[in-house]
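Fold and contact review
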Amino acid sequence: MEPSIYEAAGGAETFHALAHAWHERVMADPVVNHAFSHGFHPRHGERLAAYWIEALGGPMEYSRQYGDESFVLRLHAGNGEHAEMDRRAVDCFEAALGDAQVPDDVRATLLAYFTWATAAKSAYPESPEDVPAGLRVPRWAWDGPVG
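A brief look at the structure comes next. Going along each chain's sequence as written, the residues are numbered from 1 onward. Local features in a predicted model are, by the rule used here, given only for residues with pLDDT of at least 70; side-chain atom pairs are given and counted only at 80 or more, and totals for whole chains, interfaces and linings are based on all residues. Think of the side-chain values as coming from all heavy atoms in the structure, minus any hydrogens and water.

1. A look at the packing of helix H2 (residues 12-28) against helix H6 (residues 83-99)
To keep it simple, the criterion reads: Helix axes use the C-alpha atoms of the stretch in contact, all axes being lines fitted to C-alpha atoms, and the angles between their N-to-C directions lie in the range 0 to 180 degrees. A run of H or I in DSSP becomes a helix once it reaches four residues, and a run of E becomes a strand once it reaches two; helices and strands are each numbered from the N terminus. Should an angle lie under 35 degrees it is considered roughly parallel, over 145 roughly antiparallel, and from 65 to 115 roughly perpendicular; all remaining angles are considered oblique. When the near helix sits turned anticlockwise from the far one by under a right angle, the crossing is termed left-handed; a clockwise turn instead gives a right-handed crossing. Should any heavy atoms of two residues lie within 4.5 Å, those residues are counted as being in contact.
As a packed pair, H2 and H6 sit with axes 8 Å apart at the nearest point and diverge in direction by 135°. Classed by the angle they form, the pair H2 and H6 counts as oblique. Where H2 crosses over H6, the two elements pack in a sense that is right-handed. Between H2 and H6, the contacting residues are Leu18, Ala21, Trp22, Arg25 and Val26 on the first element and Ala89, Cys92, Phe93, Ala95, Ala96, Leu97 and Asp99 on the second.

Structure representation (structure tokens):
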């Protein structure tokens, strides 16, 4: 049986390092850091890592501890269109893959996931109230979205 992306990437330690590296890069980016200008949860990196871990085949700790996909989408909703910010966030992620020393053989898959997930987080530009209730954290496998 093929390992999950989570397992192939190196498990929780890798995703915590990746979340930290990505957060450092976006905070240094003059466009993307605007998304954090209102402040952010003090455990943002830990929560982000838990989200990625769950989405990529690891334990479902994000849903158990923090919330469902509706919660995540509402956090990102109501901010209007921001294609340039999204593109730069993806660029920061691509660079963070190297910073976190993510294995080369999973980098393209993780970049495809992050690009897809970033677009999904922008699906409700008008209002958080537009996000449906009860959405599950979407899962991603080697061939793309699951389910």
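Further notes follow.
2. Some thoughts on the packing of aromatic side chains
Each aromatic ring pair is specified by the distance between its two centres and by the angle formed by the two planes. Stated precisely, the cut-off is as follows: Paired rings are identified among Phe, Tyr and Trp, the last through its six-membered ring, by centres lying within 6.5 Å, and are further divided according to the angle between planes into stacked (under 30 degrees), edge-to-face (over 60) and tilted (the rest). Using a 1.4 Å probe on the protein chains alone, a residue whose accessible area is under 20% of its type maximum counts as buried, one over 50% counts as exposed, and one in between counts as partly exposed.
In the structure shown here, the tally under the stated rule is 11 aromatic pairs. For the ring pair tryptophan 52 and phenylalanine 93, a centre distance of 5.4 Å and an interplane angle of 80° mean the geometry is edge-to-face. Taken together, the residues span a long stretch of sequence, with tryptophan 52 in helix H3 (residues 44-55) and phenylalanine 93 in helix H6 at a distance of 41 residues. Residue tryptophan 52 shares its accessibility class with phenylalanine 93, and that shared class is buried.

3. Observations concerning H3
Selection criterion: Expected helix span is taken as 1.5 Å per residue step, with the number of steps being one fewer than the number of residues.
Here H3 spans 16 Å end to end across 12 residues, near enough to the 16 Å set by a 1.5 Å rise per residue. The buried fraction of H3 amounts to 10 of the 12 residues, a majority that puts the element mostly inside the structure. Within H3, the full set of buried residues consists of His44, Arg47, Leu48, Ala49, Ala50, Tyr51, Trp52, Ile53, Glu54 and Ala55. Looking one or two places after H3, you find glycine 57, whose phi comes out positive at around 105°.

4. Structural notes on the packing of H6 against helix H7 (residues 104-121)
When two helices pack together, their arrangement is given by the angle between their axes and by how far apart the axes lie. Viewed as axis vectors pointing N to C, H6 and H7 meet at an angle of 155°, and their least axial separation amounts to 10 Å. Judged on the interaxial angle alone, H7 and H6 are roughly antiparallel. Here the hand of the crossing between H6 and H7 comes out right-handed. Taking contact as the criterion, the partners of Asp86, Ala89, Val90, Phe93, Glu94, Leu97 and Gly98 in H6 are, on H7, Arg107, Leu110, Leu111, Phe114, Thr115 and Thr118.

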